[in-house]
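Structural description and commentary
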Amino acid sequence: MVCGGFTCSKNALCSLNVVYMLVGLLLIGVAAWGKGFGLVSSIHIIGGVIAVGVFLLLIAIVGLIGAIHHHQVLLFFYMVILFIVFLFQFGVSCSCLAMNRGQQETLLNSTWGMLENKTKTDLESQLNCCGLLNSTSTHFQFEQDLLNCPALCKKNTSCFTCGDKMLNHATEALKILGGVGLFFSFTEILGVWLAVRYRNQKDPRANPSAFL
């Protein structure tokens, strides 16, 4: 059987979905570990990571069952959902790679405003900084954060802002995030191609008259 036949397509699709299942379980495990050890206290962050892990796990299970049983309906929904995820992830990854410093500051400000106070103080303690950015538009918020800041550097004369520390590494982090996102987005389009190919192939062990 040449690689490109029914069996090879089936095995490749099954292997890809097993990898997706492992990644989904890893995301759930890392989120639970981070919560258990107190690394991240925000229920929104933990819930978001777990939701992504569960979603990826469910998609992988649908794809795996569809591949094993050559189920036409499951394979159709699998490739449609995976293609939508590919479009979204590809767009986000390209945005990460193209984001400049001004856009990074805007993103940080909007994200910081949505965080709970407990999450902010956790970040300030871990990064040893106070507040996000001391700019004209965010000065009032910065003063409030400075009052609640638990960082050790507060005992000294001055502290670096968390925004400055984050922005120093943001470009590199966004490049890594965008690169990893692009890599996984191409594995998703590979999964769509394999699903389309496998769905239209005939099972050699099936009844020839049953193939539509």
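Numbers given to residues run from 1 along each chain, matching the order in which its sequence is written. Local features in this predicted model are restricted to residues of pLDDT 70 or higher, and side-chain atom pairs are both shown and tallied only at a pLDDT of 80 or more, whereas totals for entire chains, interfaces and linings draw on every residue. Remark: hydrogens and water are excluded; side-chain values derive from all non-hydrogen atoms of the structure.

Under an unreviewed UniProt entry, the name given to the chain is Tetraspanin-31, and the organism recorded is Dissostichus eleginoides. Database annotation for the chain, UniProt heading Subcellular location (unreviewed entry): "Membrane". UniProt positions are given in the numbering used here, feature names are shortened, and annotations may be inferred rather than shown by experiment. For the chain, the Sequence similarities (unreviewed entry) comment in UniProt is given as "Belongs to the tetraspanin (TM4SF) family."

Here the focus is unusual backbone geometry. Not every positive phi belongs to a glycine, and H70 is a case in point at roughly 50 degrees. You can see H70 is positioned in the loop between helix 2 (43-69) and helix 3 (72-98). Exposure classes here rest on a 1.4 Å probe applied to the protein chains alone. A residue is buried below 20% of its type maximum, exposed above 50%, and partly exposed in between. A relative accessible area of 14% means that H70 is categorised as buried. Numbering goes from the N terminus for both helices and strands, where a helix is a DSSP run of H or I of at least four residues and a strand is a run of E of at least two.

The residue N17 is located in helix 1 (residues 6-36) in this model. Judged by relative accessible area, which is 0%, N17 ranks as buried. In this structure the side chain of N17 is engaged in a polar contact, spanning 2.8 Å, whose partner is the backbone oxygen of L13. N17 has contacts with I59, A60, G63, L64 and Y78, leaving out every residue within four places of it along the chain. Between N or O atoms, a polar contact is any pair within 3.5 Å; within protein, one atom must be a potential hydrogen donor and the other a potential acceptor, and residues adjacent in sequence are included only when both atoms are from side chains. By definition in these notes, contact holds between two residues if any of their heavy atoms fall within 4.5 Å.

The predicted model of the chain has a mean per-residue pLDDT of 79, with 87% of residues at 70 or higher. The predictor attaches a confidence to each residue, called pLDDT, with possible values from 0 through 100. Ranking the elements of the chain by mean pLDDT puts helix 6 (residues 139-148) last with 78 and helix 3 first with 87.

The UniProt record annotates "transmembrane region" (unreviewed entry) at residues 12-33, 45-68, 75-100 and 176-196. The annotated region residues 12-33 carries 100% helix and 0% strand content, and the separation between its end C-alpha atoms amounts to 31 Å. Helix makes up 100% of residues 176-196 and strand 0%, with an end-to-end C-alpha separation of 30 Å.

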